[in-house]
Amino acid sequence: MEDTILVVNCGSSTLKLAVFDGAFRVRASGLAERLHQGDAVAHLRHHDQPVKLPPDASHREALEAMIHALVDLDVIQGTPSAVGHRVVHGGETFHDAVLIDEAVIEAIEDCASLAPLHNPVNLSGIRATRALFPSVPHIAVFDTAFHQTLPRKAYLYALPYDYYRQWGVRRYGFHGTSHQFMLTESAQRLGKTPATTSIISAHLGNGCSIAAIRDGISVDTSMGLTPLEGLVMGSRSGDIDPGLFDFLKTKGIDQDQLHHVLNHKSGLLGLSGQTNDMRTLCELADHGHEPSLVAVEVFCYRLARYIGAMMASLDRLDGLVFTGGIGENSARVRKQTLDHLRLSGLCLNAELNQEHGQNSDGYINDADSRFPVLVVPTNEELVIARESQRIAASQE
Ligand code: ADP
């Protein structure tokens, strides 16, 4: 029976599955959306097959239906050899991927107060998949683990120190699997080893974050205690003045409302009043829609500021790497961002940048740029699969 690794990624209302073969080639992938919302749908992408779900399907129901479909299609024969689970928050407990047992489940539960929207739903995926495949190794791969190397000066907020000591209030960082992938992939393209590679990695999707990686180790990143801090995102604000809380209270906006606004009504969506989708915004901006133009401008300027800030944690830069739906596809965002950074000596080549406009991979800097600039497609599922196989093999 062929080795297969199943990767399970449960978001708040979505479920992504991917099945890899022993050589880490994708055999199938699937997506369930709008779970718990009364109009759930699921689809196996590589086989272009819808999967029937009850309209109010839960993560567990979607998972079971999709796995049964994968077994029926013979994509999973018998049982997978390992199952990798994306877990958003590992707090300070998890510095690496880990084999899941009852103690690990308890520790993930303990981290749930730091990620109440994510960890419980990750756990429900873990429980449901363990029930389906009780005899195979299940591995948790944490978004936060790669950033556990941040030095104190980067992870501490300037708050009463007791908040950190008692409650773990600090910056954790997220998108760790993607930034780690950027490290290994760009090292390969640069002809270096990951341990000797220093990059700035910009992951720009619906969520956006940037990381400074020095000689293979994450030394700073833009997301913090939660994935709300830092860059402008699709519908998240990124950095704001904490004084806003008091000010908006005087306008009758309470904490719950503000929480909703900062997470779901801000960012590109809030600024443009139209959409959280960068591609649509660029089209609208091209047609002279001023609020969309403003949204793209703020997004790029904030990103440029963060690229500059990340330089403070590096003593050498082997490359600036763009990834994620926006980073990989939007020549406009990359240009508008780097236009702010001429002083740093980061220079794009206009033609290469344009050429690498769509799902591409390669260098986009000018010959006289002080540092290489690259576009590298991310693949978080692949990192989870590789990590899961590494941890499963270490148990044999
Ligand atoms: P997620 O974080 O949900 O995985 P993605 O990494 O797929 O998201 O990124 C989604 C974002 O990428 C959206 O804002 C989308 O508009 C943007 N995007 C995709 N293709 C393009 C493009 N050609 N030009 C500009 N933005 C694009």
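Looking up the protein in an unreviewed UniProt entry gives the name Acetate kinase, with the organism given as Marinobacter santoriniensis NKSG1. Recorded in UniProt under Subunit (unreviewed entry), the annotation for the protein is "Homodimer."

Participant: With reference to specific residues and values, describe the overall build of the protein.
Facilitator: In terms of helices and strands, the protein carries 15 helices and 14 strands. Computed over the C-alpha atoms, the radius of gyration of the protein is 21 Å, within 12% of the 21 Å expected from 2.2 N^0.38 for a compact globule of 396 residues. Dimensions of the protein, computed from C-alpha atoms along their principal axes, come out at roughly 55 × 55 × 45 Å. For the protein, with 396 residues in total, the buried portion stands at 52%.

Participant: An account of the environment of Ile-67 is requested, with residue identities and associated values reported.
Facilitator: You can see Ile-67 is positioned in helix α1 (residues 59-72). Overall, Ile-67 belongs to the buried group, its relative accessible area being 2%. Separated by 68 residues in the primary sequence, Ile-67 and Ser-135 place their C-alpha atoms 16 Å from one another. Beyond its immediate chain neighbours, meaning those up to four positions away, Ile-67 contacts Leu-6, Leu-17, Thr-129, Leu-132 and Phe-133.

Participant: Please provide a residue-by-residue account of the nonpolar core, values included.
Facilitator: Counting 40 residues, the largest nonpolar core has Leu-204, Ile-210, Phe-299, Leu-303, Ile-307, Phe-322 and Leu-338 as the members making the most contacts within it. Counting residues per element, the ones that place at least two in this core are β9 (199-204), β10 (208-214), α10 (278-286), α11 (290-311), β12 (319-323), α13 (331-338) and β14 (373-375). It is α11 that provides the largest number of residues to this core, a total of 9 residues. In this structure Phe-322 touches Ala-202, Leu-204, Leu-303, Gly-327, Arg-334, Leu-338, Ile-364, Val-373, Leu-374, Val-375 and Val-376, once residues within four positions along its chain are discounted. Grouped together as the second largest cluster of nonpolar side chains are 27 residues, Leu-35, Met-66, Ala-69 and Val-75 included.

Participant: Quick rundown of α10? Include the residues and the values.
Facilitator: Among the residues of α10, Met-278, Leu-281, Cys-282 and Ala-285 are the ones counted as buried. The arc that holds every buried residue of α10, seen down its axis, measures 100°, which confines them to one face. Structural note: α10 exposes Arg-279 and Asp-286 on the side pointing more than 90 degrees away from its buried face. Here the buried face of α10 lies against α9 (267-272), α11, α12 (324-329) and α13.

Participant: How would you summarise unusual backbone geometry if you had to cite specific residues and measurements?
Facilitator: Most peptide bonds are trans, and most residues other than glycine sit at a negative phi. Even without being glycine, Asp-74 reaches a positive phi, approximately 70°. Locating Asp-74 in the fold gives a position in the loop between α1 and β6 (82-87). Phi at His-175 takes a positive value of approximately 55°, unusual for a residue other than glycine. Structurally, the position occupied by His-175 is in the loop between α5 (161-167) and α6 (176-190).

Participant: Quick rundown of the UniProt feature "binding site: Mg(2+)" (unreviewed entry) in the protein? Include the residues and the values.
Facilitator: The positions that UniProt labels "binding site: Mg(2+)" (unreviewed entry) are, in the present scheme, Asn-9 and Glu-380. These annotated residues cover 372 residues of sequence, and their C-alpha atoms lie no more than 9.7 Å from one another, placing them together at a single site. By the secondary structure assignment, Asn-9 is in strand β1 (residues 4-10). Residue Asn-9 is classed as buried on the basis of its relative accessible area, which comes to 9%. With residues near it in sequence (within four places) discarded, Asn-9 still touches Thr-14, Leu-15, Lys-16, Arg-86 and Glu-381. Relative to the helices and strands, Glu-380 resides in helix α15 (residues 380-394). Glu-380 has contacts with His-175, Thr-177, Ser-178 and His-203, leaving out every residue within four places of it along the chain.

Participant: Explain the site of the ligand residue by residue, including any values.
Facilitator: Neighbouring the ligand are 13 residues; Asn-206, Asp-277, Met-278, Arg-279 and Gly-325 lie closest to it. In this structure, Asn-206 approaches the ligand through a main-chain N or O atom, which is 2.9 Å from an oxygen atom. The separation between a nitrogen atom of the ligand and a polar side-chain atom of Asn-329 is 3.4 Å. Contact with the protein chains hides 74% of the accessible area of the ligand, taken as 580 Å² for the molecule alone. Going through the elements one at a time, α10 and α12 are the ones with two or more residues in the shell around the ligand. Counting residues per element, the shell around the ligand draws most heavily on α12, at 4 residues. Partitioned by chemical class, the residues of the shell around the ligand number 2 nonpolar, 9 polar and 2 charged.

Participant: Tell me about the pairing of strand β8 (residues 138-142), residues and numbers included.
Facilitator: The element β8 is extensively covered by neighbouring structure, given that 5 of its 5 residues are classed as buried. Of the two faces of β8, the one lined by His-138, Ala-140 and Phe-142 and the one lined by Ile-139 and Val-141 are each fully buried. Pairing between β6 and β8: 5 bridges, direction parallel. By the bridge assignment, Val-87 is partnered in β8 with Phe-142. Bridging between strand β7 (residues 98-99) and β8 involves 2 bridges; their strand directions are antiparallel. In the sheet register, Val-98 faces β8, and the bridge partner there is Ala-140.

Participant: Describe the sheet that holds strand β2 (residues 15-21), listing the residues and the values that go with them.
Facilitator: In space, the 8 strands of this open sheet follow the order β5-β4-β3-β2-β1-β6-β8-β7, with mixed pairing throughout. Two strands bound the open sheet, and with one partner strand each, they are β5 (49-51) and β7. Strand direction decides the pairing type here: β1 and β6, joined by 4 bridges, are parallel. The residue bridging Ile-5 from the neighbouring strand is Ala-82, located in β6. In the packing of α15 onto the sheet, the strands contacted are β1, β2, β6, β7 and β8, and the crossing angle to β1 comes to about 125°.

About the thresholds
Note on numbering: residues in each chain are counted from 1, in written sequence order. For this predicted model, a pLDDT threshold of at least 70 governs which residues receive local features, and a threshold of 80 or more governs which side-chain atom pairs are given and counted, while totals over whole chains, interfaces and linings are taken from all residues. With hydrogens and water stripped out, all remaining heavy atoms of the structure feed into the side-chain values. UniProt positions are given in the numbering used here, feature names are shortened, and annotations may be inferred rather than shown by experiment. Note on conventions: DSSP H or I runs of at least 4 residues are helices, E runs of at least 2 residues are strands, and numbering of each starts at the N terminus. To get the radius of gyration, use the C-alpha atoms; to get the globule rule, take the number of residues to the power 0.38 and multiply by 2.2 Å. Note on classification: 1.4 Å probe, protein chains only; a residue is buried when its accessible area is under 20% of the maximum for its type, exposed when over 50%, partly exposed between these limits. Pairs of residues are marked as contacts when any of their non-hydrogen atoms sit within 4.5 Å. The definition of a nonpolar core used throughout is a set of buried Ala, Val, Leu, Ile, Met, Phe, Trp, Tyr and Cys residues joined through side-chain atoms within 4.5 Å. Within this analysis, the arc is defined by the directions that extend from the helix axis to the C-beta atoms. Only heavy atoms are used to decide nearness, and a residue is near a molecule or strand if one of them lies within 4 Å of it. Any pair of N or O atoms that falls within 3.5 Å is considered a polar contact. Within protein, one atom must be able to donate a hydrogen and the other to accept it, and sequence-neighbouring residues count only if both atoms are side-chain atoms. Per-residue accessibility takes into account occlusion by the displayed protein chains alone, with areas from the Shrake-Rupley method and a 1.4 Å probe. The classification used treats Ala, Val, Leu, Ile, Met, Phe, Trp, Tyr, Cys and Pro as nonpolar, Asp, Glu, Lys and Arg as charged, and all other residues, Gly among them, as polar. Pairing between strands is defined by DSSP: at least two bridges between them are needed. For helices, the fitted axis covers only the stretch in contact; all axes are lines through C-alpha atoms, and the angles between them, taken along N-to-C directions, range from 0 to 180 degrees.

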